[in-house]
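Descriptive structure summary
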Amino acid sequence: MKLNDNIQYLKGIGEKRAGLFHKLGIFTVGDLLYHLPRGFEDRTSTRDICDLVDGETVCVRGVLASGVRKFRARRGGWVVQTTLSDGTGVMRLTWFNASYIDKSLSDPEAEYMFYGKVIHRTMAAEMVNPVIEKLESEESKKMGVILPIYPATAGLNQRGIRDAVGRALEGLSEKIPEILPESVRARNDLMGIDEAIRLVHAPEDYDRFYEARRRLVFEEFLKLQLGVSTVKSIKKSRKAVVISDVKCIAEFARGLSFDLTNAQKKVINEIAADLKSGVPMNRLVQGDVGSGKTVVAAAAMFAVARSGCQSVMMAPTEILAEQHYNSLKGFFEPWGIKVAYLIGGQSAKERAENTELIESGEAAVVVGTHAVITDKVNFSNLALSITDEQHRFGVSQRSKLSAKGLNVHTLVMTATPIPRTLSLVIYGDLDISIIDELPPGRKPVKTLALTEAQRPRLYDFVLRELNRGRQAYFVCALVDESDAVEAKAAAEYVKKLSQGVLFGRSVGLLHGRMRTFEKDDVMRRFAAGEIEALVATTVVEVGVDVPNATIMVIENAERFGLSQLHQLRGRVGRGADQAYCVMFGNQKSGVAKERMQVMCETNDGFKISEKDLEIRGPGEFFGTRQHGLPEMKIGNFFTDMDILKQTQTEAEIILKSDPFLKAPEHRLLSKSITDTFAKAGDILN
Ligand code: ADP
Ligand code: MG
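In this text the structure is predicted, and so the values were computed from the model without any measurement.

A few words now on the pattern of salt bridges. Scanning the model with the defined rule gives 33 salt bridges in all. Of the charged contacts, one joins Glu-251 and Arg-306 as a salt bridge, the two residues approaching to 3.4 Å between their closest N and O atoms. Taken as a pair, Glu-251 in helix H8 (residues 249–254) and Arg-306 in helix H10 (residues 293–306) lie far apart in primary sequence, 55 residues in all. Through salt bridges with shared partners, a single network forms among Glu-178, Glu-182, Arg-185, Arg-215 and Glu-219.

As a further point, take the sheet that holds strand E13 (residues 363–368). Here we have seven strands laid out as an open sheet, ordered E12-E13-E11-E14-E15-E10-E16, and parallel in their pairing. Edge positions in the sheet fall to strand E12 (338–342) and strand E16 (431–435), since each of these pairs with one other strand and no more. Pairs of neighbouring strands in the sheet enclose a mean axial angle of 20°, with direction left out of account. As paired strands, E12 and E13 are joined by five bridges and run parallel to one another. Each bridged residue has a counterpart across the sheet, and for Ala-340 the counterpart in E13 is Val-366.

Let's shift gears to the sheet that holds strand E18 (residues 471–475). Strand order in the open sheet formed by six strands is E17-E22-E21-E18-E20-E19, and the pairing between neighbours is parallel. The sheet is open, and its two borders are formed by strand E17 (446–450) and strand E19 (507–510), each paired with just one other strand. When strand polarity is set aside, the average angle formed by the axes of neighbouring strands in this sheet is 20°. In this sheet, strand E22 (residues 580–584) lies alongside strand E21 (residues 549–554) in parallel orientation, the contact comprising four bridges. Pairing of Ile-551 across the sheet is with Tyr-580, part of E22. Packing of helix H18 (residues 562–569) onto the sheet brings it into contact with E17, E18, E21 and E22, and relative to E21 it is tilted by some 150°.

Quick look at the site of ligand 1 now. As a structural note, the neighbourhood of ligand 1 is formed by 16 residues, with Gly-290, Lys-293, Thr-294, Arg-442 and Asp-545 the closest of them. In this structure, Asp-259 approaches ligand 1 through a main-chain N or O atom, which is 2.8 Å from a nitrogen atom. In this structure, an oxygen atom belonging to ligand 1 sits 3.0 Å away from a main-chain N or O atom of Gly-292. Here the shell around ligand 1 is built from residues that sort into four nonpolar, six polar and six charged.

By secondary structure assignment, the location of Lys-223 is in helix H7 (residues 206–236). Among buried charged residues, Lys-223 stands out as having no salt bridge; its nearest opposite-charge side chain is Glu-219, 4.5 Å away. Side chain to side chain, Lys-223 and Thr-676 meet in a polar contact 3.2 Å long. Other than its neighbours up to four places away in sequence, Lys-223 contacts Ile-179, Leu-669, Ser-672, Ile-673, Thr-676 and Phe-677.

For the pair helix H9 (residues 262–277) and H10, interaxial distance at closest approach is 10 Å and the crossing angle is 30°. Every pair of crossing elements has a handedness; the one defined by H9 and H10 is right-handed. Here Gln-264, Val-267, Ile-268, Ile-271 and Leu-275 of H9 lie close against H10, whose contacting residues are Val-295, Val-296, Ala-299, Ala-300 and Val-304. Here the contact of H9 with H10 is composed, by residue class, of nine nonpolar, one polar and no charged.

Attention now moves to the pairing of strand E3 (residues 69–72). Pairing geometry for E3 and strand E4 (residues 78–85), over four bridges, is antiparallel. Note on E4: the bridge partner recorded for Arg-69 is Gln-81.

So, how was this worked out
- Sequence positions are assigned chain by chain, starting from 1 and proceeding in written order.
- Chain labels run from A onward and ligand labels from 1 onward, assigned in the order the entries are written.
- In view of the model being predicted, local features appear only for residues whose pLDDT reaches at least 70, and side-chain atom pairs are presented and counted only at 80 or more, with totals across whole chains, interfaces and linings using the full set of residues.
- Calculated side-chain values reflect all of the structure's heavy atoms, with hydrogen atoms and water omitted.
- Here, a salt bridge means any side-chain nitrogen of Lys or Arg that lies within 4 Å of a carboxyl oxygen of Asp or Glu.
- Strands here mean DSSP runs of E at least two residues long; helices mean DSSP runs of H or I at least four residues long; both are numbered from the N terminus.
- Only strands joined by at least two bridges in the DSSP assignment are considered to pair.
- Comment: axis = line fitted to C-alpha atoms, over the contacting stretch for helices; angle = value between 0 and 180 degrees taken between N-to-C directions.
- Contacts are assigned to residue pairs that have any heavy atoms within 4.5 Å of one another.
- Distances are taken per atom, and a residue is near a molecule or strand as soon as one of its heavy atoms is within 4 Å of it.
- Two N or O atoms count as a polar contact when they lie within 3.5 Å, although within protein this holds only if one can serve as hydrogen donor and the other as acceptor, and sequence-adjacent residues are included solely when both atoms are side-chain atoms.
- Each residue is assigned to one of three groups, with Ala, Val, Leu, Ile, Met, Phe, Trp, Tyr, Cys and Pro labelled nonpolar, Asp, Glu, Lys and Arg labelled charged, and all others, Gly among them, labelled polar.
- Burial status follows relative accessibility: with a 1.4 Å probe on protein chains alone, a residue under 20% of its type maximum counts as buried, one over 50% as exposed, and anything between as partly exposed.
- Note on charges: Lys and Arg go in the positive column, Asp and Glu in the negative column, and His and the chain ends are not counted at all.
- Left-handed is the label given to a crossing in which the near helix is rotated counterclockwise from the far helix by less than a right angle, and right-handed is the label when the rotation is clockwise.

Spelled out as structure tokens, the structure:
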């Protein structure tokens, strides 16, 4: 049997079963062997019934101590029950909705093994829906095994996959091809791929398993790291517009109503060096909420405009785009630089006017939502593309924006900082600048998690702040994914507030379902201070900047992720006044409680994102797919951080001698990288 053989070659897999495997992305024997376990049932050691502790997942073995009872539950499903004795005690076993289970328990003489979670009742231990294994042969009675658990699908259970994998390993007549050069394996003490794959499916013990797994994770991470790093080298081998006069940025800075922070200056210098280098800039600016990223971007746009070229800035929401439009107009109009504005909700006339400004090159600066990347928009001479709050966009949108010109300089900005080891992967194709300083005079936002009993006191406080001329946000979580429900919840919340605590005050409402002009109107009135309290859904999450707002009240805080809470809090504390963030929410869930605690403890975006990563796990944190990167099948960016670091060192060594992976010993590796990335999407194209 060969790796490229169809899985139907395996005994026991017919057309129908093959269809189930296809659902898991498995078509060939090779695919099957690369379908890696996501966990293990450890049956190497069984436990005595008398020692069982509530909540642990264990293996017990023994004989059935009573007959098997089968009856209908009140709700209708079949319940099967029996008891197990192992000489140290007796425990109860129950299966719900399992009408066939009794057939697997039909031998009163046999020894059985059960694997599941222990529930400790007052009288005895119990397992609900445990996995059953009848110990048939003498051999299986002697040996415990570590059983792999695979990602499965309806109709195809663990045993089905295990059997197939077992047959494939047995019948394979060739070795699994090695893509890592000998030198790489030696430097990092890695076993061969053939051995690793075999071991990971059928480990003898945990040490060997971890060794095998480490090899596989290493390969996976190394490919990813090399992939993104080669993208970077490829980009750097291109040519870009030379913006020769960057000194003019100093003039721009002198015209501002504030002094730039040192961190802003440092980042502007890094950008300026890119702009005049002749090599396309690919830079990520990370800066916590409120660190002043917009003006940094504007400084770059200024230099580009002075060279007679165009820049475009794309924002994820219309509210934010409008706000940027206003600030950019403020920055640029005094210099006679025209700003065009493009969003989805514009009238045909407005849109035509702005498109004309862009096409003729009359507008040197363009700002908008993803409306700026539609096919209908043609720039006259685009030299710089900027994506704000880049985590809100996919890679493909980012690259579409840059494709609006020829080898344009690219700047992406994000308020979601991540640890360096991770940004080297996720943003491995970019250079990174960090604004690690807030403008002077900012006080950390005081953050509290309150109980319902404390609500009246909060309301008193809110009223006092409003009376002092300050403003407040009230954010309610979207109850449902759909906009309609969200809108309704927000509307009801407004009603409650304006008939209660905010009676007689001017209250505005903002949610995703509103028409563009309505949203604009509300935001404008809030920014102008006409609206004292703004009730909103998370549409205010990113970027919105109204320095006079000092209070952020977040309802149902348990429904928000940590970085989302931090972003929301970032809407206040943008002026010189002390600001407050108050969270209400159900703290019953441990995770929700932990998130709120972290919020109360720190204002530091870096710390928050590390915590976020820890709590949520990297899968959700990144969605590598969202970044246009291949999905990790076995590696875990957080728990395997050490391996990730090792692969980064290794990638550096490899690329130093062979930047485009052209050497013969890297041929297989390079091909495998291209294949993996091709499956993921477009980052390599
Ligand atoms: P973010 O990094 O979150 O996008 P913004 O660019 O919206 O932050 O800036 C936040 C606020 O700080 C804005 O009102 C901006 O005008 C102001 N700001 C930016 N840089 C400075 C500075 N160096 N000194 C004082 N205020 C600044
Ligand atoms: Mg911003």
